[in-house]
There are 2 protein chains.
Amino acid sequence: MTVKINLPHDNSYEIFIEELKELYFDRKVVIVTNPTVSGFHLEYLKSKLNARELSVCTIPDGEEYKHMQTLESILEHCFEKRLDRKSLLVAFGGGVIGDMTGFAASIYQRGIDFVQIPTTLLSQVDASVGGKTGINNKFGKNLIGAFHQPIAVYIDPSMLKTLPKREFGAGVAEIVKMAVTFNKDFFEWLEQNDLNDEKNIQIAIAKSVQTKADVVSQDEKELGIRAALNYGHTFGHVIENETNYDTYLHGEAVGIGMCMANALAVKIGLMSQEEALRVKSLLEKYNIPTTYKIKDVEDFYEHFFLDKKSLDNKIKFILPVGIGNCKITNEVSKTDVIEILKGF
Amino acid sequence: MTVKINLPHDNSYEIFIEELKELYFDRKVVIVTNPTVSGFHLEYLKSKLNARELSVCTIPDGEEYKHMQTLESILEHCFEKRLDRKSLLVAFGGGVIGDMTGFAASIYQRGIDFVQIPTTLLSQVDASVGGKTGINNKFGKNLIGAFHQPIAVYIDPSMLKTLPKREFGAGVAEIVKMAVTFNKDFFEWLEQNDLNDEKNIQIAIAKSVQTKADVVSQDEKELGIRAALNYGHTFGHVIENETNYDTYLHGEAVGIGMCMANALAVKIGLMSQEEALRVKSLLEKYNIPTTYKIKDVEDFYEHFFLDKKSLDNKIKFILPVGIGNCKITNEVSKTDVIEILKGF
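Note that the structure is predicted; figures quoted are calculated from it, not measured. (Residues numbered from 1 in each chain as written. Chains lettered and ligands numbered in written order. Predicted model: local features only at pLDDT ≥ 70, side-chain atom pairs only at ≥ 80, totals over all residues. Heavy atoms only, no water.)

**As for the interface of chain B and chain A**
This is how it is decided: Contacts are residue-level and defined by heavy atoms, with any inter-residue pair within 4.5 Å sufficient. Here the quantity called buried area is the accessible surface, traced with a 1.4 Å probe, that two parts lose on coming together, added over both. Just to be clear on terms, a salt bridge is a Lys or Arg side-chain nitrogen sitting within 4 Å of an Asp or Glu carboxyl oxygen. Two N or O atoms count as a polar contact when they lie within 3.5 Å, although within protein this holds only if one can serve as hydrogen donor and the other as acceptor, and sequence-adjacent residues are included solely when both atoms are side-chain atoms. Here a strand is any run of E in DSSP of at least two residues, a helix any run of H or I of at least four, and the numbering for each starts at the N terminus.
At the interface, 37 residues of chain B touch 37 residues of chain A. When chain B packs against chain A, the two sides together hide about 3,700 Å² of surface, and 56% of this comes from carbon and sulfur. Broken down residue by residue, the surface that chain B buries against chain A is led by B:Phe79, B:Arg85 and B:Arg110, which jointly contribute 22%. In this assembly, chain B and chain A are joined by six salt bridges. Residue A:Glu222 pairs with B:Arg85 through a salt bridge whose shortest N-O separation is 3.5 Å. Where chain B touches chain A, the interface holds ten residue pairs in polar contact (both at pLDDT 80 or more). Secondary-structure elements contributing two or more residues to the side of chain B that touches chain A are α2 (68-80), α3 (95-107), β7 (132-137) and β8 (140-147) of chain B.

Structure (structure tokens):
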């Protein structure tokens, strides 16, 4: 199956959801990956990928390495291999690999091409689509980065066979996010179908990618509707930051974040208690955490202001409107937010 | 005088060459500058600039600080001041300040606006126009960066009064570059008029900016004709790199580089010996160096391959064709290059 992302300025590209086909690149190629992905799948990728000159840059595995130092090590590899402006980077791994490889590609000699071959469910359904790249720093997540679209994305669902259950759940969280914010039918389908089934997960990936593609095509630079994809993220980013990025997987923090956003939506009358519970049950079915013990509620609140989505010292929340619809608002009172936070 | 840079994708902007007017920004603004510029001109700028919230980020002065660490210190300042996606950076200084501020703006929260207020002749005529941003690393100059256009450029020639003579000469080198590559009449005008005269320098700035604007408007991302603006730079970058960026000013290295390019052009019959001498005399009139003692010619040659302009292991040279015209070629034999290098 192929999904097309339509973007202005010659930035359009295609996402292929199928067994990886033979790839030919008549240029220098660097595969950026980590030891885990490499151990499971590098030989498979190499058997499919033909390049004029190929090298592999292996970086440590984990969100805690998504920082400037690792980015510099990728760039250093590219310089040592004398990549030029026509060379290509291949992001081969999960969201961290994708975000950092894309960012490296965007600033290496002022920008070279890259492709995404996402290996985790989360990166297949979300991170590899849309051209957001970046790294974390002590102030928060993805605060330094660029919009840089890949020239193609190759999603091979067979790679999910080696994915740990927890990471699978983290990916499901992003699938649920897509459904709650944009597609009620898809949400009901998710309630009725088990994603551990091979056919079902393929359908869910395609539906998620198509949903995200539609949103990104409308608003590449997140000036409007695209922000809705951050449902669960305003809260989730604070949770990740407070726990030093080493306690929860990104998708897990988003899972908790969605429950917080839902609680807020229930509080101000955008969602029924019953709908919030349906989302919670669906998440729990895949062992996605839905609660988080907040140490200091005021401190948690203060953290919001470092989020990119907080313009003019107003926090921008993405709140569900029932199921299948959502609203972007910066008109939520601090009192309401504090109150729901205390409930966690 | 106003020069318009016409670019696709809403990236067009204007360059104002006149006494700085009152500026109003209803957003957070950070001025990035260095102690030298700050000492001479910061109070003047502050008297003209009105912002919702203003802070100043001072970084060390000099090309040797144009690296990742300084870039990170600019970003850190922005995070501490809680800049959001609507905030603005003001590059207030020479080419180093402009390149680094522009690069910081391009990656802070995936891209915010910036304006250029160039204070050196070099940055007024060249560096502030065209949207190239970046930093150096151990592999070479500007090897990490982005294309990020300013929203406006304000050139106030009165600021040149405090510029050291050597830096003035470095700026003249870039003016000569524009004339030799694109405009014979302008070159002859330069031979006949003294740029130390206040009226003349204003004319020369305007002519240079207009020339560069025309080229950049045709080829923003340097896929073709824009590369001609690198005349003198293929050699110049190697010279700067070999001397650790601390011996020559950028414009001085370009001055030597142009003489090397001219020698090569003479050797392969693109320029007469007499024309090469006219360029050399013009440079020497402003005390711009025109020779450089090469330690190891083979080593110097090997250095070319790290230059961004060297695609496919072929070195791309920008060579003058007479005066007022130029040619981009990667068909120069190593023997010819080595021979002219030995002459230096």
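Following the structure, the description resumes.
**Notes on the sheet that holds strand β2 (residues 13-17) of chain A**
Residue and element names in this part refer to chain A. Convention followed: Strands were regarded as paired on the criterion that DSSP finds at least two bridges between them. An axis is simply a line fitted to the C-alpha atoms; with a helix, the fit covers only the stretch in contact. Between two such axes, the angle follows the N-to-C directions and lies from 0 to 180 degrees.
Pairing within the open sheet is mixed, and its seven strands lie in the order β1-β2-β9-β6-β5-β3-β4. Looking at strand neighbours, the two that pair on one side only are β1 (2-5) and β4 (49-58), the edges of this open sheet. Between one strand axis and the next, the sheet turns through 20 degrees on average, direction left out of account. For β2 and strand β9 (residues 152-155), the ladder comprises four bridges, and the chain directions are parallel. Residue Ile15 lies in a different strand from β9, and its bridge partner there is Val153.

**Regarding the relation of the copies chain B and chain A**
Mapping between the two copies of the chain is achieved by a rotation about an axis and a shift along the axis. The condition is simple: Least-squares superposition of the copies uses the C-alpha atoms of those residues scoring a pLDDT of at least 70 in each of them.
Of the transformation superimposing chain B on chain A, the axial component is 0.0 Å and the angular component is 180 degrees, with the fit at an RMSD of 0.0 Å. The symmetry that links the two subunits is that of a two-fold axis. If distances are taken from each C-alpha of chain B to the rotation axis, the shortest is found for B:His9, at 3.6 Å. A share of 100% of interface residues in chain B that are also interface residues in chain A marks the association as one of identical surfaces.

**Quick look at the domain arrangement of chain A**
All names here are of chain A. To keep it simple, the criterion reads: By convention here, the domain bounds are inherited from an automatic or database domain assignment.
Taken domain by domain, chain A consists of domain 1 (2-161) and domain 2 (164-342). Between the C-alpha centres of domain 1 and domain 2 there is a distance of 25 Å. Listed as interface residues are 34 residues of domain 1 and, on the opposing side, 34 residues of domain 2. Of all residues in domain 1, Leu121, Val125 and Lys141 bury the most surface against domain 2, accounting for 21% of the area lost on that side. In this assembly, domain 1 and domain 2 are joined by four salt bridges. In this structure, Asp126 and Lys177 form a salt bridge, with 3.4 Å as the shortest nitrogen-oxygen distance.

**Observations concerning the pairing of strand β10 (residues 317-320) of chain B**
Residue and element names in this part refer to chain B. The condition that has to hold: Accessible area is worked out with a 1.4 Å probe on protein chains only. A residue is then buried under 20% of its type maximum, exposed over 50%, and partly exposed in between.
Here β10 shows no split at all, with Phe317 and Leu319 on one side and Ile318 and Pro320 on the other all buried. Bridging between β10 and strand β11 (residues 326-329) involves four bridges; their strand directions are antiparallel. In the strand pairing of β11, Phe317 is matched with Thr329. Linkage of β10 to β11, two consecutive antiparallel strands, is achieved through a turn of five residues, within which Gly322 is found at a positive phi near 60 degrees.

**With respect to helix α5 (residues 165-182) of chain A**
A turn of α-helix holds 3.6 residues, and therefore any two residues three or four places apart point the same way. For the record, the criterion: Each helix should span, by expectation, one fewer than its residue count multiplied by 1.5 Å.
Between its first and last C-alpha atoms α5(A) spans 26 Å; for 18 residues at 1.5 Å apiece the expected length is 26 Å, and the two agree. Within α5(A), 14 of the 18 residues are buried, which leaves it mostly tucked inside the rest of the structure.

**Observations regarding the UniProt feature "binding site: Zn(2+)" (unreviewed entry) in chain A**
Residues and elements named next belong to chain A. Applicable threshold: UniProt positions are given in the numbering used here, feature names are shortened, and annotations may be inferred rather than shown by experiment.
Those residues carrying the UniProt feature "binding site: Zn(2+)" (unreviewed entry) are Glu174, His233 and His250 in this numbering. The largest pairwise C-alpha distance within this set of annotated residues, which runs over 77 residues, is 10.2 Å, so the set is compact in three dimensions. Relative to the elements of secondary structure, Glu174 occurs in helix α5. With residues near it in sequence (within four places) discarded, Glu174 still touches Leu122, Val125, Asp126, His233, His250 and Val254. Relative to the assigned elements, His250 resides in helix α9 (residues 250-267).

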